[in-house]
Amino acid sequence: MVGTRYIDFVDENRNEVLGKRNGKRRVAIRFYYPGVETGKAVLCDGLTSRKKKWYGRKSDLSLYEKRIRIYKDLEVVDGSFSLILFSHGYGGYVEQNNDLCQYLANHGYI
């Protein structure tokens, strides 16, 4: 199973200068990792509601939703793992690489 955890970091010492956001610099991070089934697994939406609405106008999302099996806040499997830092790039969005991140986590990477 693949677990995911979302963390929103705020750097109180830097002002945001990119995009339309005002305020302090925010960095959103989503972790994908090999997880343990505890009987309380909650399936994570593969796409935010805004992305579902946008993509839903253009295609059928049922295959995508069947393929993406990522669960919120699972316990991490015991062991050592290699860490991959992946950035989707400016203008991208976190969920655009769910397939790749799920695949890597299924093969022992965080």
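Everything below is about the structure shown above.
Figured I'd write up the structure that's included with this text. This is a predicted model, so every value here is computed, not measured. (Residues numbered from 1 in each chain as written. Predicted model: local features only at pLDDT ≥ 70, side-chain atom pairs only at ≥ 80, totals over all residues. Heavy atoms only, no water.)

**Observations concerning the overall build of the protein chain**
The number of helices and strands found in the protein chain is three helices and five strands. The N-to-C order of helical and strand elements in the protein chain reads β-β-β-α-α-β-β-α. Partitioning the contacts of the protein chain with sequence separation of at least 6, the portion at a separation of at least 24 is 71%. Summed over all atoms, the accessible surface of the protein chain reaches about 8100 Å², with 52% contributed by carbon and sulfur. (Helix = DSSP H or I, 4+ residues; strand = E, 2+ residues; numbered from the N terminus. Contact = heavy atoms within 4.5 Å. Areas by Shrake-Rupley, 256 points an atom, 1.4 Å probe, with all protein chains shown as cover.)

**Looking at the nonpolar core**
Listed in full, the seven residues of the largest apolar core are Val2, Tyr32, Cys44, Ile68, Ile70, Cys101 and Ala105. Dropping the residues within four chain positions of it, alanine 105 is found in contact with Val2, Tyr32, Tyr33 and Pro34. (Core = buried A, V, L, I, M, F, W, Y, C linked by side-chain atoms within 4.5 Å. Buried < 20%, exposed > 50% of the residue type's maximum accessible area, 1.4 Å probe, protein only.)

**Quick notes on the sheet that holds strand β5 (residues 75-76)**
Within the open sheet, the five strands sit side by side as β3-β4-β1-β2-β5. Their pairing is mixed. Looking at strand neighbours, the two that pair on one side only are β3 (42-43) and β5, the edges of this open sheet. Summarising the sheet, β3 and strand β4 (residues 70-72) pair through two bridges and their orientation is antiparallel. Counterpart to valine 42 in the pairing with β4 is lysine 72. (Pairing = 2+ DSSP bridges.)

**Section: helix α3 (residues 98-106)**
Every buried residue belonging to α3 is among Asn98, Cys101, Gln102 and Ala105, and all of these are buried. Buried residues along α3 cover an arc of 100° about the axis, so they all sit on one side. Of the residues flanking the end of α3, it is glycine 108, one or two places downstream, whose phi is positive at about 90°. (Arc of directions from axis to C-beta.)

**Points about the pattern of salt bridges**
Taken as a whole and assessed by the stated rule, the structure comprises three salt bridges. Among the ionic pairs, aspartate 73 bridges to arginine 5, the shortest N-O distance being 3.0 Å. With aspartate 73 in the loop between β4 and β5 and arginine 5 in strand β1 (residues 2-15), this residue pair connects regions lying 68 residues apart in the sequence. What makes aspartate 73 partly exposed here is its relative accessible area of 49%. The class for arginine 5 is partly exposed, based on a relative accessible area of 38%. Residue glutamate 16 pairs with arginine 25 through a salt bridge whose shortest N-O separation is 3.5 Å. (Salt bridge = Lys/Arg side-chain N within 4 Å of Asp/Glu carboxyl O.)

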